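Inside the fold
Okay, here's what each chain looks like letter by letter:
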Amino acid sequence: MGVTENAAIGAAIKSGKKQPRVIVVGSGLSGIVMGMRLMKAGFTDLTIFEKAENVGGTWFYNAYPGLRCDVPSHYYQYSFEPSTSWSHRFCGGPEIRQYFEDMARKYQVFERIQFNTEVVNAEYGDGKWEVELGNGEKQSCDFLIAACGILVRPKYPDLKGLDSFAGEVVHSARWDHDLDLQGKRVAVIGNGSTGIQMIDPLTKICSKVVSFQRTPQWIVPIPNKKYSAFGHKLQNAFPFISKFYYYTFRFVMEQLMGRGIIKDGWSRRTMGKLCQWNLNSVKDEKLRQDLTPDYVAMCKRLVMSSEFYPAIQKPNAELVREGIDHVEAGGIVTKDGKLHELDVIALATGFHANEYMLPMTMTGENGLTLDEAWKNGPRGYRTVAMPGFPNFFMVMGPHSPVGNFSLSSIAETQSQYILNFIKMWSDGKFNTVRPKEEATEKFNQDMKANMKDTVWLTGCQSWYLDDQGIPGSWPWTATKFRNDLKDARFEEYTAT
């Protein structure tokens, strides 16, 4: 236990404040920033349960060739902990994961993480949450915080004969680090951000790369500038430079993409023109036609790449639009009867989106289960809480503004909001708190009413939409998101 931590505990005891027992589920960027907030505030009776063997969440599980963040590194960091050592404008996965681990260690959060430990169930009773772990152990807490992420459980395609393939099958979110791809014939199934990022690095080492495309994607060009050693020295000498980068990138992304998502206008048209300009770099007319989407740019999550179009035009790359009929020992057979002979099949088929805490089960007050609360789909109050679940909060919960934004920035806002409630509990202002049903319903109705102008409803299928075709993301500006979570709005809660 460090000197700073002892001082924080001593100050809390001296002031007469209550010390909460807090459990956080997940140690991705959301769980880490929540832990950092708590530790800095002196709430050190904290345990973070993580089912993986290290921190990072999606940046731990995803380790495929070409993995890179599509948000500028200076904007993907925590604003109050800027790094001066990013190697590129858009950094690779290992560098990003290391940043979050460094933050966890700096704030003494890392020592409070129990790895290889899955939370399977949580039940509320007598003012406490009882958490059941995968090994059968149970622990109780005053506050339970879910920081489980949005895209967690990999989605595997239902392809007839996939088990009969004689080569290797690997999912992008469960990559085999021992897989030898040198000189191999590789199929990439799926062409979202992951599938598109894979193509360029694979064409450099594989004898053939076949991209099986179901739906073309709009792709924004992003030149990935490498930062110089001199630039790093400048940032170290003048730390405000890194902060300037953060707020500049935030402004550009929120104005150019954020406003284009929620309303038609100059920003949406600008993004469409950028995507079309990038697509026009494909020289072959037939290939360009096959790569042209039939929907408005940003209706699906925009893919960001300056490498894909040059890579797919290489002699050892092939784009296949024909649907897959089945898989056999030698490769993939498309619906036209052609056998594509392969050594490796890489599944870039995404995740079961918007599951949040699931498959973890929960029971709140009066026997209300999570399945009952979400029988019509995930819903919550202002992205962070749910009626019927006292002293329970979420980082990156339902309706968070996740479309082409920095998740670090979102988690930073939500974690501060949650911390404010824990501080009020510590001050003795309440014992339990949960949002009112009527406030939650009003928020959800307002959200649906503001969906009509969003780009998500312009005519495409994406993971932003639920089973009823209704978007589940934030339909307002990022500025409104920060303002809405600036104050507790305690009148919209029930407290005891």
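Calculation rules
Residues numbered from 1 in each chain as written. Predicted model: local features only at pLDDT ≥ 70, side-chain atom pairs only at ≥ 80, totals over all residues. Heavy atoms only, no water. Helix = DSSP H or I, 4+ residues; strand = E, 2+ residues; numbered from the N terminus. Rg over C-alpha atoms; globule rule 2.2 N^0.38 Å. Buried < 20%, exposed > 50% of the residue type's maximum accessible area, 1.4 Å probe, protein only. Contact = heavy atoms within 4.5 Å. Areas by Shrake-Rupley, 256 points an atom, 1.4 Å probe, with all protein chains shown as cover. Lys, Arg positive; Asp, Glu negative; His and termini not counted. Charge placed at Lys NZ, Arg CZ, Asp CG, Glu CD. Pairing = 2+ DSSP bridges. Axes fitted to C-alpha atoms, helices over the stretch in contact; angles between N-to-C directions. Disulfide = S-S within 2.5 Å. Parallel < 35°, antiparallel > 145°, perpendicular 65-115°, else oblique. Left-handed = near helix turned anticlockwise from the far one by under 90°. Nonpolar A, V, L, I, M, F, W, Y, C, P; charged D, E, K, R; others polar. Phe/Tyr/Trp six-rings, centres within 6.5 Å; stacked < 30°, edge-to-face > 60°. Lys NZ or Arg CZ within 6 Å of the ring centre and 35° of its normal.

With that settled, the discussion passes to the overall build of the chain. In terms of regular secondary structure, the chain is built from 15 helices and 21 strands. Relative to the globule expectation of 23 Å for 496 residues, the C-alpha radius of gyration of the chain, 24 Å, shows essentially globular dimensions. Expressed as a percentage of the 496 residues in the chain, the buried residues total 55%. Partitioning the intrachain contacts of the chain with sequence separation of at least 6 by distance along the chain shows that 72% fall at a separation of at least 24. Within the structure as shown, the chain displays about 21,400 Å² of accessible surface, and the carbon and sulfur contribution to it stands at 51%. Here the chain contributes 57 positive and 55 negative side-chain charges, whose respective centroids are spaced 8 Å apart.

Our next topic: the sheet that holds strand 10 (residues 208-212). Spatially, 8-17-9-10-13 is the arrangement adopted by the five strands of the open sheet, whose pairing is parallel. Of all the strands in the sheet, just strand 8 (168-171) and strand 13 (317-320) have a single pairing partner and so form its edges. Taking each pair of neighbouring strands and ignoring which way they run, the sheet shows an average axis angle of 20 degrees. As paired strands, strand 10 and strand 13 are joined by four bridges and run parallel to one another. Counted as the bridge partner of Phe 212 is Val 320 from strand 13. Where helix 6 (residues 193-203) meets the sheet, its contacts fall on strand 9 (185-189), strand 10, strand 13 and strand 17 (344-347), and the angle it forms with strand 9 comes to roughly 170 degrees.

On to the state of the cysteines, then. Within this structure, the stated rule accounts for one disulfide. In this model Cys 299 forms its disulfide with Cys 460; the gap between the sulfur atoms is 2.0 Å. When the S-S torsion is -105 degrees, as for the bridge of Cys 299 with Cys 460, the disulfide is left-handed. One end of the pair, Cys 299, is in the loop between helix 10 (285-290) and strand 12 (303-304); the other, Cys 460, is in the loop between helix 14 (437-449) and helix 15 (478-484), and 161 residues separate them in sequence. Note on Cys 91: no disulfide assigned, nearest cysteine sulfur contributed by Cys 69 at a separation of 8.6 Å. Of the cysteine sulfurs around Cys 275, a residue in no disulfide, the closest is that of Cys 299, at 12 Å. Owing to a relative accessible area of 0%, Cys 275 belongs among the buried residues under this scheme.

Where helix 8 (residues 240-262) meets helix 9 (residues 266-279), the closest approach of the two axes is 7 Å, and the angle between their N-to-C directions is 110 degrees. The angle between helix 8 and helix 9 falls in the class roughly perpendicular. The hand of the helix 8/helix 9 crossing is left-handed. Contact residues: Gln 255, Leu 256, Met 257, Arg 259, Gly 260, Ile 261 and Ile 262 in helix 8; Trp 266, Ser 267, Arg 268, Thr 270 and Met 271 in helix 9. Of the residues in the contact of helix 8 with helix 9, the class split is six nonpolar, four polar and two charged.

Enumeration over the complete set of coordinates arrives at 34 aromatic pairs. Summarising the aromatic geometry, the rings of Tyr 246 and Tyr 247 are spaced 4.9 Å apart at their centres and angled 80 degrees between planes, so their arrangement reads as edge-to-face. The exposure class assigned to Tyr 246 is buried, which follows from its relative accessible area of 3%. Taking the relative accessible area as the measure of exposure, Tyr 247 reaches 39% and is therefore partly exposed. Aromatic rings pair up to connect Phe 143, Tyr 381, Phe 393, Tyr 417, Phe 421, Trp 425, Phe 430, Phe 490 and Tyr 493 into one cluster. Over the ring of Phe 110 we find Arg 105; its NZ or CZ atom is 3.7 Å from the centre of that ring. For the cation-ring pair, Lys 300 lies above Tyr 295, with the distance from its terminal atom to the ring centre recorded as 5.8 Å.

A word on the sheet that holds strand 3 (residues 113-114). A sheet is described by the order of its strands in space; here five strands give the open sequence 3-2-1-7-19, paired in parallel fashion. The sheet terminates laterally at strand 3 and strand 19 (392-394), the two strands that pair on one side only. Bridging between strand 2 (residues 46-49) and strand 3 involves two bridges; their strand directions are parallel. Note that in strand 3 the partner of Phe 49 across the bridge is Gln 114. Here helix 13 (residues 407-426) sits on the sheet and contacts strand 7 (143-146) and strand 19; the angle it forms with strand 7, its principal contact strand, is near 175 degrees.

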